[in-house]
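Remarks on the overall topology
So you can see what is in the structure, the chains are spelled out below.
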Amino acid sequence: QQASLDENDMLLSSIFSAIQRSSTGGIIVEGTSGSTGISLSTLAAQRGHSIIIVMPDDQSKEKQTILKCLGAVLHVVPTASISNPNHYVNIAQKIARIINDDFGSYGVKASFMNQFENEANFLAHYTTTGPEIWQQTNGNIHAFCMSSGTGGTISGVGKYLKERSKLRNSDCNVCLIDPPGSSLYNKVK
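Residues numbered from 1 in each chain as written. Predicted model: local features only at pLDDT ≥ 70, side-chain atom pairs only at ≥ 80, totals over all residues. Heavy atoms only, no water.

Once that is clear, we can look at the packing of aromatic side chains. Evaluation of the coordinates by the stated rule reveals three aromatic pairs. Summarising the aromatic geometry, the rings of Phe16 and Phe103 are spaced 5.6 Å apart at their centres and angled 85° between planes, so their arrangement reads as edge-to-face. Of this pair, Phe16 sits in helix α1 (residues 2-21) while Phe103 is found in helix α4 (residues 88-103), placing the two residues 87 residues apart along the sequence. Judged by relative accessible area, Phe103 falls into the buried class, the value being 13%. The interplanar angle of 15° and the centroid separation of 5.8 Å between the aromatic rings of Phe122 and Tyr126 together place this pair among those described as stacked. Here Tyr126 and Phe122 lie together in helix α5 (residues 119-136), a separation of four residues that amounts to about one turn. The class for Tyr126 is partly exposed, based on a relative accessible area of 22%. Through a chain of ring-to-ring contacts, three or more aromatic side chains come together here, namely Phe122, Tyr126 and Tyr160. (Phe/Tyr/Trp six-rings, centres within 6.5 Å; stacked < 30°, edge-to-face > 60°. Helix = DSSP H or I, 4+ residues; strand = E, 2+ residues; numbered from the N terminus. Buried < 20%, exposed > 50% of the residue type's maximum accessible area, 1.4 Å probe, protein only.)

Rendered as structure tokens:
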């Protein structure tokens, strides 16, 4: 029972900190292990919103320091499986729901970015990164290899390159290079 109260107190502490920091009433909430959170924190600071970053505890102190320097409210949670309600993405979604349900009537609005399920992640790379690679290689590309986080970059770029290659009656192989232990390695394996 005590652990549950402590967790709820920590959630509320993060929420209250974010509310105090927002000059617009807008709060961005995201579960991330790094780079997306850094990008969103930069955007939030520029727009006057606050941001709550929920991050697993196995990430580097340097990432945490960068996020804090960008003004993010950092909420670090123990590493857990995505199917666990205490996984960092699930906690981020819960925080956004609490803000909207409990503080919305006070002019506070949370937006959960949901990078892992947000189609904009894929579309950004399909419409920009893929065409840029195609142009820079003059369409002479037979393989695209990369590691992955959410999968948005490899799937967006990969789909674009495969479609363009087929128009030229060639093929572009898309290769995921992730080490054992990564979520996509385990999903593919």
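Another point: unusual backbone geometry. Backbone geometry follows two general trends: most residues other than glycine have a negative phi, and most peptide bonds adopt the trans configuration. Within the chain, Asn114 stands out as a residue other than glycine whose phi angle is a positive 55°. Along the chain, the position of Asn114 falls in the loop between β4 (109-112) and α5. Since its relative accessible area comes to 21%, Asn114 is described here as partly exposed. A positive phi angle is found at Asn138, which is not glycine, with a value near 55°. Tracing the backbone shows Asn138 in the loop between α5 and β5 (143-146).

Membership of the largest hydrophobic core comes to 19 residues, with the highest contact counts inside it found for Ile27, Val29, Ile52, Val54, Ile95 and Ile99. Contributions of two or more residues to this core are made by α1, β1 (26-31), β2 (50-56), β3 (73-77) and α4. Beyond its immediate stretch of four places on either side in the chain, Ile95 contacts Leu11, Ile15, Val29, Ile52, Val54 and His75. Counting ten residues, the second-largest nonpolar core is a separate cluster that includes Ile133, Trp134, Met146 and Ile154. (Core = buried A, V, L, I, M, F, W, Y, C linked by side-chain atoms within 4.5 Å. Contact = heavy atoms within 4.5 Å.)

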